[in-house]
Amino acid sequence: MEQKNNSDHVLNTVRSIVYHLNDVNWVKMTQKMMALPINNVKLLDDITNIIFDRALKRQNYTHIYAQMCARLINDSKFNNLIATNTEITFQKVLLKKCHDVFYSNYQEELNKLKDTMKNVNMVPKKCLSGVLNNFLFDFQKRSICNCRFIGELFKNGAFPEKYILKCIGDLGKEKNDNNYELQMHCLCIILQSVGLILSKTSYDLNKKINKLVSSMENHGMSSTLKCLIKKLKIMNSKGWMDEEPVKFAGTNYNAYRDLPPHMQMVYRVRSKKIMSDWAYDESHDHRLNVVNNYKIEVRSNIPPKL
């Protein structure tokens, strides 16, 4: 009971720290975080969850959370508090959470949502539309903020180069699905953050930027994404010294309901398409069941051969 109370006190302290973190107090708050008594893996995981979730929700302060995480990773005392398992470190736990969000499968999460909705008694069109709008917004926002956080971690030396290169490579792969544009936005966000550092290595940024520029010929690409790619092209030509924040429409809003009407329309149109596809799949399954049941009935009425 005493250990649980101590853990609750530590977690409450962590929440107070990360919820009020800003450009002025982050150094003092980080020192306060380093002094916390962390004596088990479960507590470390809970602490990392709080920091990570808050970093993705406060996208305008992502760089501050990344700086704090870098200090915690490089502090030997903070990482040696868990005597029971020396293989577990704050950096490994944090990178695992970044990895899970980065490689989260949009279609799988959408299918889980559909299964959940089937088990809930709701008015289909009215309620489902709102749920889908929120799902689309939250998935997009979380993916983009995670990429921004990854880029900031790399800039602060807290995210290994081989992992950032893998992220860039995976985002650069062409996919024929509805999530391709989000994928390109995430790639722009990461390149904007890490371009200055990678430009000083042997990594060929020109090839990656040229591929993005050539993709602008896609007539289905939004004007927002085209502007981001043009911005990256200019930054690359200037040696990545002009690091103005690359923004994605909607990321500066915390919830779908806060979006201006013209931005909400983007999510409503897409959710209606999902709903129509969903209805088609269900009607197809229903027709298939009717046909199969009819075949079974016909077969059961066939007289046996003599």
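The structure we're discussing is the one just above.
Throughout this document, residue positions are counted from 1 along each chain, in the order its sequence is written. Reporting in this predicted model follows two pLDDT cut-offs: at least 70 for local features of residues, and 80 or more for side-chain atom pairs to be given and counted; totals over whole chains, interfaces and linings ignore these cut-offs and use all residues. By convention in this description, side-chain values take in all heavy atoms of the structure and omit both hydrogens and water.

### Quick word on helix α12 (residues 223-237)
An α-helix turns once every 3.6 residues. As a result, residues three or four positions apart point the same way. Keep this limit in mind: Runs of E in the DSSP output that reach at least two residues are strands. Runs of H or I that reach at least four are helices, and both are numbered from the N terminus. The span one expects for a helix is its residue count, reduced by one, times 1.5 Å. Accessibility here uses a 1.4 Å probe with only protein chains present; expressed as a share of the type maximum, an area under 20% marks a residue as buried, one over 50% as exposed, and anything in between as partly exposed. This arc corresponds to the set of directions leading from the helix axis out to the C-beta atoms. For this analysis, residues touch if any pair of their heavy atoms sits within 4.5 Å.
With 15 residues, α12 extends 21 Å between its outermost C-alpha atoms, agreeing within 8% with the 21 Å of an ideal straight helix rising 1.5 Å per residue. Within α12, burial applies to L225, L228, I229, K231, L232, M235 and N236. An end-on view of α12 places all buried positions within 160° of arc, on one side of the element. What points out from α12, more than 90 degrees from its buried face, is the exposed set S223, C227 and S237. On its buried face, α12 is in contact with α10 (180-198) and α11 (205-214). With its phi angle positive at about 75°, G239 sits one or two positions after the end of α12.

### Quick look at helix α7 (residues 106-118)
We count it as follows: Any pair of N or O atoms that falls within 3.5 Å is considered a polar contact. Within protein, one atom must be able to donate a hydrogen and the other to accept it, and sequence-neighbouring residues count only if both atoms are side-chain atoms.
End to end, α7 covers 19 Å across 13 residues, agreeing with the expected 18 Å (1.5 Å per residue, within 8%). The set of residues buried in α7 consists of Y106, L110, L113, K114 and M117. Down the axis of α7, the sector holding all buried residues measures 100°, keeping them to one side. Residues of α7 that are exposed and point more than 90 degrees away from the buried face comprise K112 and K118. You can read the cap of α7 off the contacts: a side-chain oxygen lies 3.0 Å from the backbone nitrogen of Q107, and it is on N105.

### Here we look at the packing of helix α3 (residues 41-57) against helix α4 (residues 62-74)
As a reminder, the rule being used: Geometry is summarised by axes, namely lines fitted to C-alpha atoms with helices restricted to the contacting stretch, and by angles between N-to-C directions that run from 0 to 180 degrees. Angle categories are assigned with fixed cut-offs, so that under 35 degrees is roughly parallel, over 145 is roughly antiparallel, 65 to 115 is roughly perpendicular, and the rest are oblique. Rotating anticlockwise by less than a right angle from the far helix to the near helix defines a left-handed crossing, while the corresponding clockwise rotation defines a right-handed one.
The geometry of α3 relative to α4 is characterised by a closest axis approach of 8 Å and an angle of 155° between their N-to-C directions. Relative to α4, the element α3 lies roughly antiparallel. As α3 packs across α4, the resulting crossing turns out to be left-handed. Here I51, R54 and A55 of α3 lie close against α4, whose contacting residues are T62, Y65, M68, C69 and L72.

### Observations concerning the packing of aromatic side chains
Cut-off, in case you're wondering: Pairing of aromatic rings covers Phe, Tyr and the six-membered ring of Trp, with a centre-to-centre limit of 6.5 Å; geometry is then stacked below 30 degrees between planes, edge-to-face above 60, and tilted otherwise.
Taken as a whole and assessed by the stated rule, the structure comprises 6 aromatic pairs. A ring pair is formed by F135 and F139, whose centres lie 6.2 Å apart and whose planes are at 35°; its orientation type is tilted. Note that F135 and F139 are positioned in helix α8 (residues 124-155) at a spacing of 4 residues, about one turn of the helix. For F135, a relative accessible area of 13% gives the class buried. On the basis of relative accessible area, F139 is assigned to the buried category, the value being 4%.

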